[in-house]
Amino acid sequence: MHSPFRVKIAHIKKTTEFREVLSGGKKWREKTVTLHSMAGGDRETVYIGTIVTKKLAPKAHQRNYIRRVIYGFFADNRQMLTGGSKNIVRLIRDI
């Protein structure tokens, strides 16, 4: 059963916000992705951004599909997220 309090998910779109999280946040690296995360922002909202380069996914529909999968993962696991964080998922290896 889901918890009664569910955080909202918003997209990071501005370059300055990306730069802020990439330079000042903590970093966790796995085989295919790197997660950059920092605290800050609205306590009821989790901010998520994605970085998928043309080198790893040359076609736009591939990049968009990867972004949808990433956002879908966060939406499906919303009950485990804590509000007030900014996260960027960067694809580092072809899937």
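Please read these numbers as outputs of a predicted model, since none were measured by experiment.

A. Quick look at the confidence of the model for the protein. Put simply, the protein has an average pLDDT of 90, and 95% of its residues get 70 or more. Within the protein, the lowest mean pLDDT, 92, falls on strand β1 (residues 8–11), and the highest, 96, falls on strand β2 (residues 26–29).

B. Structural detail: the packing of aromatic side chains. In the structure shown here, the tally under the stated rule is one aromatic pair. Note on F73 and F74: the rings are 5.9 Å apart at their centroids and 85° apart in plane angle, and the pair reads as edge-to-face. Owing to a relative accessible area of 10%, F74 belongs among the buried residues under this scheme.

C. Quick peek at the pattern of salt bridges. Across all of its chains, the model carries one salt bridge by this definition. Where E20 meets K86, a salt bridge forms, and the shortest distance between an N and an O atom there is 3.7 Å. Note that E20 is positioned in helix α1 (residues 15–24) and K86 in strand β5 (residues 85–91), a separation of 66 residues in sequence. Here E20 falls in the partly exposed class, since its relative accessible area comes to 37%. What makes K86 buried here is its relative accessible area of 14%.

D. Looking closely at the nonpolar core. With twelve residues, the main nonpolar core is built from V7, V46, I48, V52, L56, A57, I66, I70, Y71, F74, V89 and L91. Of all the secondary structure elements, the ones that give two or more residues to this core are β4 (45–51), α2 (60–76) and β5. Looking at which element gives the most residues to this core, the answer is α2, with four residues. Those residues in contact with F74 that sit more than four places away from it in its chain are I9, I48, L81 and V89. In terms of nonpolar packing, the next biggest core, distinct from the first, is built from six residues, F18, M38, I51 and I88 among them.

E. View of the pairing of β2. As paired elements, β2 and strand β3 (residues 33–39) share four bridges and run antiparallel to each other. Bridging across to β3, W28 finds its partner in L35. Linking β2 back to β3 in an antiparallel pair, the connection comprises three residues.

The rules behind each value
Residues numbered from 1 in each chain as written. Predicted model: local features only at pLDDT ≥ 70, side-chain atom pairs only at ≥ 80, totals over all residues. Heavy atoms only, no water. pLDDT = per-residue confidence, 0-100. Helix = DSSP H or I, 4+ residues; strand = E, 2+ residues; numbered from the N terminus. Phe/Tyr/Trp six-rings, centres within 6.5 Å; stacked < 30°, edge-to-face > 60°. Buried < 20%, exposed > 50% of the residue type's maximum accessible area, 1.4 Å probe, protein only. Salt bridge = Lys/Arg side-chain N within 4 Å of Asp/Glu carboxyl O. Core = buried A, V, L, I, M, F, W, Y, C linked by side-chain atoms within 4.5 Å. Contact = heavy atoms within 4.5 Å. Pairing = 2+ DSSP bridges.

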